Amino acid sequence: MGGSSNLLYIVTDALRSLRENSVTTALTAVTLGVSLSIFSVFIFVFVNLNAAINSWGDRTQIVAYIKDGSEAPEKIREAVLSIPGVTSAEFVSKERALTELKNELKGHEMVLEGVDSNPLPASVEIKVGGLYKNPGAVSTVVARLKQMGWAEDVQFNREWIEKISGLLGFIELAAVFMGFFLAAATVFIISNTIRLAVYARKDEIEIMRLVGASDRFIKVPFFIEGVVQGFAGGVIALLITGAGRYLVAAKVPPYFNFIVQTPFPVPVIAVALIAAGVLMGVAGSLISMARFLKA
Amino acid sequence: MGGSSNLLYIVTDALRSLRENSVTTALTAVTLGVSLSIFSVFIFVFVNLNAAINSWGDRTQIVAYIKDGSEAPEKIREAVLSIPGVTSAEFVSKERALTELKNELKGHEMVLEGVDSNPLPASVEIKVGGLYKNPGAVSTVVARLKQMGWAEDVQFNREWIEKISGLLGFIELAAVFMGFFLAAATVFIISNTIRLAVYARKDEIEIMRLVGASDRFIKVPFFIEGVVQGFAGGVIALLITGAGRYLVAAKVPPYFNFIVQTPFPVPVIAVALIAAGVLMGVAGSLISMARFLKA
Amino acid sequence: MIQMFHVSKNYEGGSTALTDVTLKITKGEFLFITGPSGAGKSTLLKIMFGSEPPTEGQIIIDGRNYFKISSSELPLLRRRIGFVFQDFKLIPNKTVFENVALALKVMGTSPREIKNRVLRMLSYVKLQHRANFKPLCLSGGEQQRVAIARALVKEPAIILADEPTGNLDPALSIETIELFREVNNRGTTVVVATHDKGLLERYGRKTVHLENGRVTG
Amino acid sequence: MIQMFHVSKNYEGGSTALTDVTLKITKGEFLFITGPSGAGKSTLLKIMFGSEPPTEGQIIIDGRNYFKISSSELPLLRRRIGFVFQDFKLIPNKTVFENVALALKVMGTSPREIKNRVLRMLSYVKLQHRANFKPLCLSGGEQQRVAIARALVKEPAIILADEPTGNLDPALSIETIELFREVNNRGTTVVVATHDKGLLERYGRKTVHLENGRVTG
Ligand SMILES: Nc1ncnc2c1ncn2[C@@H]1O[C@H](COP(=O)(O)OP(=O)(O)OP(=O)(O)O)[C@@H](O)[C@H]1O
Ligand SMILES: Nc1ncnc2c1ncn2[C@@H]1O[C@H](COP(=O)(O)OP(=O)(O)OP(=O)(O)O)[C@@H](O)[C@H]1O
Ligand SMILES: [Mg+2]
Ligand SMILES: [Mg+2]
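Residues numbered from 1 in each chain as written. Chains lettered and ligands numbered in written order. Predicted model: local features only at pLDDT ≥ 70, side-chain atom pairs only at ≥ 80, totals over all residues. Heavy atoms only, no water.

1. What about the site of ligand 1?
Here is step 1 of the chain: Taken together, 21 residues form the shell around ligand 1, and within it R130(C), S139(C), E142(C), S42(D) and T43(D) come nearest.
Here is step 2 of the chain: The environment of ligand 1 is shared, with nearby residues belonging to chains C and D.
Here is step 3 of the chain: Between ligand 1 and the protein, one listed contact pairs an oxygen atom with a backbone N or O atom of G140(C) at 3.2 Å.
Here is step 4 of the chain: Here a nitrogen atom of ligand 1 sits 2.7 Å away from a polar atom, N or O, in the side chain of S15(D).
Here is step 5 of the chain: Across the complex, the protein chains shield 95% of the 630 Å² of accessible surface that ligand 1 would expose by itself.
Here is step 6 of the chain: Of all the secondary structure elements, the ones that give two or more residues to the shell around ligand 1 are α5 (140–152) of chain C together with α1 (41–49) of chain D.
Here is step 7 of the chain: Residues of the shell around ligand 1, tallied by class, amount to 6 nonpolar, 11 polar and 4 charged. (Near = heavy atom within 4 Å. Polar contact = N/O pair within 3.5 Å; in protein donor to acceptor, adjacent residues only side chain to side chain. Areas by Shrake-Rupley, 256 points an atom, 1.4 Å probe, with all protein chains shown as cover. Helix = DSSP H or I, 4+ residues; strand = E, 2+ residues; numbered from the N terminus. Nonpolar A, V, L, I, M, F, W, Y, C, P; charged D, E, K, R; others polar.)

2. Side note on the coordination of the magnesium ion (ligand 4)
Residues and elements named next belong to chain D.
Here is step 1 of the chain: Taken together, the protein ligands of the magnesium ion (ligand 4) are S42 (OG) and Q86 (OE1), with distances of 1.9 to 2.2 Å. Linking S42 in helix α1 with Q86 in the loop between β6 (81–84) and α3 (96–105), this pair joins segments that are 44 residues apart in sequence.
Here is step 2 of the chain: By relative accessible area, which is 14% here, S42 ends up buried. (Donors = N, O, S within 2.8 Å, 3.2 Å for Na, K, Ca; no water. Buried < 20%, exposed > 50% of the residue type's maximum accessible area, 1.4 Å probe, protein only.)

3. Details of the arrangement of the chains
Here is step 1 of the chain: The top pair by number of contacts, from a total of 4 pairs of chains in contact, is chains A and B.
Here is step 2 of the chain: At the level of C-alpha atoms, the two units chain A and chain C stay apart, their nearest approach being 13 Å.
Here is step 3 of the chain: Across all C-alpha pairs, the smallest distance from chain B to chain D is 13 Å, and the two are not in contact. (Contact = heavy atoms within 4.5 Å.)

4. Thoughts on the interface of chain A and chain D
Here is step 1 of the chain: Opposite the 18 residues of chain A that make contact, chain D presents 22 residues.
Here is step 2 of the chain: The interface formed by chain A and chain D contains 1 salt bridge.
Here is step 3 of the chain: In this structure, R16(A) and E98(D) form a salt bridge, with 3.2 Å as the shortest nitrogen-oxygen distance.
Here is step 4 of the chain: Here chain A is connected to chain D by 3 residue pairs in polar contact (both at pLDDT 80 or more).
Here is step 5 of the chain: For the side of chain A that touches chain D, the secondary-structure elements that each account for two or more residues are α1 (3–20) and α7 (202–210) of chain A. (Salt bridge = Lys/Arg side-chain N within 4 Å of Asp/Glu carboxyl O.)

5. Things to note about the domain arrangement of chain A
Here is step 1 of the chain: Domain annotation of chain A identifies domain 1 (2–55 + 165–293) and domain 2 (61–156).
Here is step 2 of the chain: The distance between the C-alpha centroids of domain 1 of chain A and domain 2 of chain A comes to 52 Å. (Domains from an automatic or database assignment.)

6. Topic: the site of ligand 2
Here is step 1 of the chain: In the vicinity of ligand 2 lie 22 residues, with S42(C), T43(C), R130(D), S139(D) and G141(D) positioned nearest.
Here is step 2 of the chain: Bordering ligand 2 are residues originating from chains C and D.
Here is step 3 of the chain: Here S37(C) contributes a side-chain N or O atom positioned 2.7 Å from an oxygen atom of ligand 2.
Here is step 4 of the chain: Within the backbone of A39(C), an N or O atom sits 3.2 Å from an oxygen atom of ligand 2.
Here is step 5 of the chain: Its free accessible area being 630 Å², ligand 2 has 95% of it covered by the protein chains.
Here is step 6 of the chain: Put simply, the parts of the chain that give the shell around ligand 2 at least two residues each are α1 (41–49) of chain C together with α5 (140–152) of chain D.
Here is step 7 of the chain: For the shell around ligand 2, the residue count by class is 7 nonpolar, 11 polar and 4 charged.

Next up, the structure:
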């Protein structure tokens, strides 16, 4: 067989056939683009939301109050940080505690008017990492802290910790469900669209086989069509997500900015979307037409 | 022409043709169902989220402190409620204020040890309605409150109010964008799928015309097919959303339950989904085939 | 029954199929149209049928001018014409029975009558045993006979048959023309485009000969 | 060249197309197959072409047993056979030129040679002026000639032609058979299924007659 010149010929031909089926090709590409962009908007919002909740859940979870006249703050911090699971420990001096209380009491400062000496203890504010993966860690850390000589009292909000880790777990679960469903829906819609488009050309495939075309000869145009459709679909998805973000970003309140952040670098997103489009376009085309080759 | 017996005949025929095209019909129905369920999941989550944020934003927004020895609490409440925009006003006595402060100070009660007489003033906690629709209302209410004789001090968190109303506004905007986009995507995908399915039968339509079929005769089967596909699609969407909710609901943390609430009564949802499915199925079928009738 | 005045037809793409054709076919006539491949026979029939508009000229069929027929009346007119298409135009996913029945269904004939008439018609063209086959499961000649059955079953006022014996053996060809002659004897106007020399020699008393889109005899 | 031993064919759906057909066609032969509509002519050709499997029996073509040919070799064999399909089987959204060129393209012929050979072939069947038309814009006979051109353009070792003159006028029919005889003279084996009495009288020295799926003469 004529080797590379033959392939060139097949490609030229495929591009012509693409032009002939341009309406269907375009609509399939748009379907691909629309489906992909729904999926990617979901992924973006999920990643952003997850990051936000994670950082929100990443607040101080345990406060250990320190007996007056205990060891040096540095020693205490080190001791705390050496407990497995602890990711951060911040020392809060008696003075800082009072200042913070005054801030918190804004509007009620009068209650402190009679107070002379500082009655507040120093404390360490502790964060435990991987809250969602290991909600039991907090109790272990608390138990260890209570054994320390300098610890007067260890406080933590069990309820709040459970809420956060429950929420994180749920969001992850819901996202996995939704993600799988959307992915399945995207694949289904795209493959069905391509199936219908290929079905309309089953006679053409049949005739090519009768005239002695090899499977490769028949597949190449569909492969190329899949690549072109997929590429176009990926670009459309990119444009839709980009345009959506642009339209929405201007109106987003500043403290809520995280939700419209691009969770990955733009070139990565572009490549991923286009790659996903091409993959689906090619797979959809080849799988749809394989049925007609077997027959 | 034969009247109702003729119509019965056409219907029987349409059902047969549905059986003949059963694969395509089924896949189109699934496409419809999947697209509709994406759209409806979005609507449900949006409605629930919006309700939650609304109720979250519906916290006390203004606190007016009352001079010791002012008018009776009832009078004050009435005066406050008569200000336009105020939806609720709760009187907090000096005693309750102290109890609440003690609660808030849990763990720091020692600061109150030296305090004998109750230094806290009574207050009214005020909510302003329609925060998102009219973020200026709060300032107006505050100004009116300050003119009252009994008002010692009026406090409100401007920043927080702006955040909430900004957030509500943004979510509504984003939802409108996303909703329009998803609706457009759903309509596009469904109509394209139906278009391709009908296109595969353009020869059949052409032959029917040549044999002397009236437009109505040709349309009825497509109409019926649209109804059946749409109905099946609606049911599929209902099943998907129902199953999704069931799977997710078991895992949802209790305080987060609102997100999986059914925002409308189930029969209403069922009817709406099926109606939407039928509408789209019929419109898609008839519009797609109209092209072949004109030619 | 059918009158054409100075009809010309140029297809887009530049081919001229008919040039200045004037023709009068009276009710109850039996007319053959002949001419080499590409002479315009099919085009002439399609114009009579109203499925191709002429580029120029007037056609009056059954007393009515095609240009004055509304699109909702066209189906009614077509029900009065039986057309045997050169490429059969059968619906591939309907059975032979259903394909033939379609011609009656569109007129609102009752199911019982449809069944009777379709089965009778199928036996005329010797296809009783193929009633439940799909067209693609038939031989070429069998498909052609289905197309003939569909055109005749509605007992139309006019039959336009385009190369109706191209896929039939000589014996069946003669039987088919005899079938046409029979309905012709009952008053139906019949126009048959054909290349079949045997048939023309046997039956071709009245023949219009086309050559390059012009009537030459 | 082609040998069939006790070949039978029953289609699903219950129709028997061929019963116990034994046939030997030698290289360079010119054979007609006749028989009434539905006798099994097309089925016989399709079995020779390998596009319908026989229910029973053996077929050896070009020295190879069809049952032992792998699916990747089938295209290679088909390139050596030119088939004129009774229903043409042209690709509707490709031009006449492209349809004919396809037979060469699948073999990897160079574009220049394709162009030369296709245009020459189109002029043999008198369709030079229709090279850029789509099949549906052609008359029935023109489509048939495109199908003939596509079968001949690759200069195959065997030509199987199913009713290749059904839509052609007598003059073109004779020209077509002359074309087949010409390639036959250059060594190509030709098998033509036909009803055309005229052709059979003129050329039918060697004829296989089928009746109800059996060879009767
Ligand atoms: N795909 C099929 N499925 C079922 N039956 C078939 C199929 N193809 C052909 N037949 C049947 O097999 C028999 C022989 O068909 P075939 O096409 O070989 O006839 P033929 O001799 O070519 O007839 P014609 O001259 O009308 O073309 C016919 O009765 C036909 O109905
Ligand atoms: N849809 C079309 N578009 C463009 N040209 C066409 C179309 N249909 C037919 N023609 C051209 O018009 C001319 C007449 O075609 P027509 O089908 O009427 O011929 P015919 O006499 O029926 O021939 P045949 O005997 O081969 O069927 C031919 O040259 C053909 O190429
Ligand atoms: Mg013709
Ligand atoms: Mg045949």
